[in-house]
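Spelled out from the first residue to the last, the chains are:
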Amino acid sequence: MIVLLHLTVTALCALECLFALANIRGKFPKLVIFGGMGLIHGIVPVLTPPGMRWTGLSENSHIFAGVLALVGVIMLSLGWRLYEHFHIQWPGLSPGVFATIESPRGQRWLRRLFWTTSILSVAAWLMSMIVSAGSLQAAFHAGRFQFRGEGPIYSRAILQHIASLIVVPGFICFFMPRKYRPVGVLFALSATAFVFWTSQGARGLALGILGALMLGYTFRHKFAVHRFVLLVTSAVVVVLLSTSLYEVRKVMSRSTASDITRIVFSTEAYRDALTRDPLNYHQILSAAVEHFPRDHPYLNGATYRRMLLFYLPRTYFSSIKPADTHNTFADVVLGNKSTTTIPPTMIGDGYINFWGLPGVVVTMFINGLILAYASQKMRENVLFFVVIGASFMRLALLAIRGSPYEIMALLISGTALVWIISFGTGISFAATQQSVRKVNRKAAAPASRPRRPRKIVGSGRARREPVSAD
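Everything quoted here is computed from the prediction, not taken from an experiment. (Residues numbered from 1 in each chain as written. Predicted model: local features only at pLDDT ≥ 70, side-chain atom pairs only at ≥ 80, totals over all residues. Heavy atoms only, no water.)

Novice: Whenever I open this one, the overall build of the protein confuses me. Can you help?
Specialist: The number of helices and strands found in the protein is 20 helices and 2 strands. Looking at the protein residue by residue over its 470 residues, the buried ones come to 51%. As displayed, the protein has an accessible area near 22,800 Å², and 66% of this comes from carbon and sulfur atoms. (Helix = DSSP H or I, 4+ residues; strand = E, 2+ residues; numbered from the N terminus. Buried < 20%, exposed > 50% of the residue type's maximum accessible area, 1.4 Å probe, protein only. Areas by Shrake-Rupley, 256 points an atom, 1.4 Å probe, with all protein chains shown as cover.)

Here is the structure:
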């Protein structure tokens with residue numbers, strides 16, 4: 001029963017990925033989301049032996065979690081497809097966005113954005129380390145969680161959001177003159193290693209930088225077999241790295257670079273990969289089913305009430321702003337009070353917040369609409385092209401893990417920061433977007449109003465002139 005459920009989830013996600021390949025430049029975000037869902041909720045549970053499952057969970061919980069995964073994937077697909085049905089699916093970027101960033105003014109904006117985000121993000125990352133640990137030396141020699149929660153919380157949070165702009169250069173370099181592309185790729189690869197090392201093993205932002213490279217490359221280049229092979233290889237490498245780096249971060253504070261390299265390429269780093277973050281997230285969904293509402297009542301939308309009140313410090317508004325629900329979830333499934341946070345997965349988020357199966361049905365359908373909207377807007381809006389496009393791979397990881405609060409915070413801060421930087425370089429997004437919409441409407445007009453064949457009258461009987469392909 002369990003295997004059949006997960007094989008069905010795998011098949012549905014594989015079909016969505018297969019359909020997305022027909023327009024890989026335009027639907028690469030869809031390929032990422034359904035590929036991730038199929039891997040975590042389909043393939044991995046099938047491959048995981050019963051003896052390696054999370055201990056203490058009943059068989060009924062595993063079965064119901066499989067049902068939730070199947071329902072969740074179906075509703076996600078329906079929501080995504082409904083949105084796509086009413087919108088033009090451009091092959092990559094829309095003509096208006098592409099024309100804008102290819103124009104002399106657009107290229108000038110990208111160059112200034114490239115250098116500003118490169119310098120500002122690295123400086124903010126270093127400053128956040130100093131704020132947390134007191135000095136760079138102390139931060140470099142600290143353990144992974146040694147300074148968590150210490151120092152000025154709001155100053156550190158602001159600096160880390162500014163540092164999130166580090167994903168931008170590697171994404172936009174593919175839309176700039178060729179001399180910028182090796183610079184952008186080298187910056188992205190160096191930034192990935194730098195962020196992972198200086199954060200003592202935090203993988204989210206590091207993998208997001210690599211993902212920005214992949215998405216920028218996909219949007220920029222037309223489909224070709226060798227490029228598709230490169231993307232698939234890169235995706236496999238990212239998945240393997242996300243698994244092996246889990247082991248690396250446990251020992252990196254006392255290891256040399258050669259030791260870390262040996263661990264990454266050793267079989268030991270992948271031996272229990274199916275039971276570790278990020279591949280074990282279906283087991284976390286099973287844990288949510290086991291403990292909610294038996295050991296803890298449903299959260300009654302606490303995650304989303306917290307999102308609405310994100311601007312209020314909980315120290316002073318604890319009566320109306322709920323506690324971090326990821327911390328609450330960790331306390332329940334681990335059975336102890338700790339500083340650990342565990343996201344409940346995208347499906348589990350709906351389950352624990354909105355009373356079980358009905359919450360999964362509704363939230364996954366809405367998630368499909370939202371993700372389709374984000375995928376569309378990053379190709380039709382110049383501002384969101386940078387804000388969502390550069391961060392999409394990181395946001396996708398957070399979405400699959402079930403972290404809507406973090407997604408909202410990153411989108412708000414990213415939009416504000418890119419707008420401020422662009423305003424300083426003389427870009428008006430309101431005026432620019434009017435031009436983008438005008439070009440898009442003109443490009444869409446032939447498709448929306450196909451010409452009727454006209455009669456040609458000659459010396460004989462009337463015949464019809466065939467309509468040209470363009």
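Novice: How do you make sense of the pattern of salt bridges when you look at a structure like this?
Specialist: Side-chain pairing between opposite charges can occur once the charged atoms of the two side chains come close. For the structure on display, the rule yields 8 salt bridges. The salt bridge partner of Glu59 is Arg53, with a shortest N-O separation of 3.6 Å. Here Glu102 ties to Arg220 by a salt bridge, and the two come within 3.9 Å at their closest N and O atoms. Here Arg220 lies in helix α10 (residues 204-220) and Glu102 lies in helix α4 (residues 95-102), a separation of 118 residues in the sequence. You can call Glu102 partly exposed: its relative accessible area is 35%. (Salt bridge = Lys/Arg side-chain N within 4 Å of Asp/Glu carboxyl O.)

Novice: What is the right way to read the nonpolar core from this model?
Specialist: Counting 110 residues, the largest nonpolar core has Phe28, Met37, Trp109, Phe171, Ile172, Phe175 and Tyr351 as the members making the most contacts within it. With 14 residues, the single largest contributor to this core is helix α18 (residues 382-401). Among all residues touching Phe175, those that are not within four sequence positions of it are Leu93, Ile101, Glu102, Gln107, Leu110, Gly216, Phe219, Arg220 and Phe385. (Core = buried A, V, L, I, M, F, W, Y, C linked by side-chain atoms within 4.5 Å. Contact = heavy atoms within 4.5 Å.)

Novice: Even after reading the chapter, I still don't get unusual backbone geometry, so can you show me in this structure?
Specialist: Across the chain, the bulk of peptide bonds are trans and the bulk of non-glycine residues have phi less than zero. Cis geometry marks the peptide bond from Phe292 to Pro293; its omega dihedral reads 0°. By the element assignment, Pro293 lies in the loop between α13 (281-291) and α14 (302-308). Despite not being glycine, Thr345 has its phi angle at roughly 80°, a positive value. Considering the arrangement of structural elements, one finds Thr345 in the loop between α15 (325-334) and α16 (346-353). The buried category is assigned to Thr345, whose relative accessible area is 0%. Notably, Trp355 is not glycine yet its phi reads approximately 65°, a positive angle. Mapped onto the secondary structure, Trp355 falls in the loop between α16 and α17 (357-380).

Novice: What exactly am I supposed to notice about the packing of aromatic side chains here?
Specialist: Two aromatic rings, taken as a pair, are described by how far apart their centres are and by the angle between their planes. Across all of its chains, the model carries 18 aromatic pairs by this definition. What links up through ring pairs into an aromatic cluster is the set Phe171, Phe175, Phe219 and Phe385. Looking at Arg306, its charged tip hangs above the ring of Tyr405, at a distance of 4.8 Å from the centre. (Phe/Tyr/Trp six-rings, centres within 6.5 Å; stacked < 30°, edge-to-face > 60°. Lys NZ or Arg CZ within 6 Å of the ring centre and 35° of its normal.)

Novice: Would you mind showing me how to read the confidence of the model for the protein here?
Specialist: Detailed reading of predicted coordinates is not advised where the pLDDT is low. Mean pLDDT over the protein: 87, with 87% of residues reaching 70 or higher. When the elements of the protein are averaged for pLDDT, strand β2 (residues 463-464) gives the smallest value, 42, and α16 the largest, 98. Below a pLDDT of 50 lies the segment residues 447-470, which in the model reaches 14 contacts outside its immediate sequence neighbourhood of four places, other chains included. (pLDDT = per-residue confidence, 0-100.)

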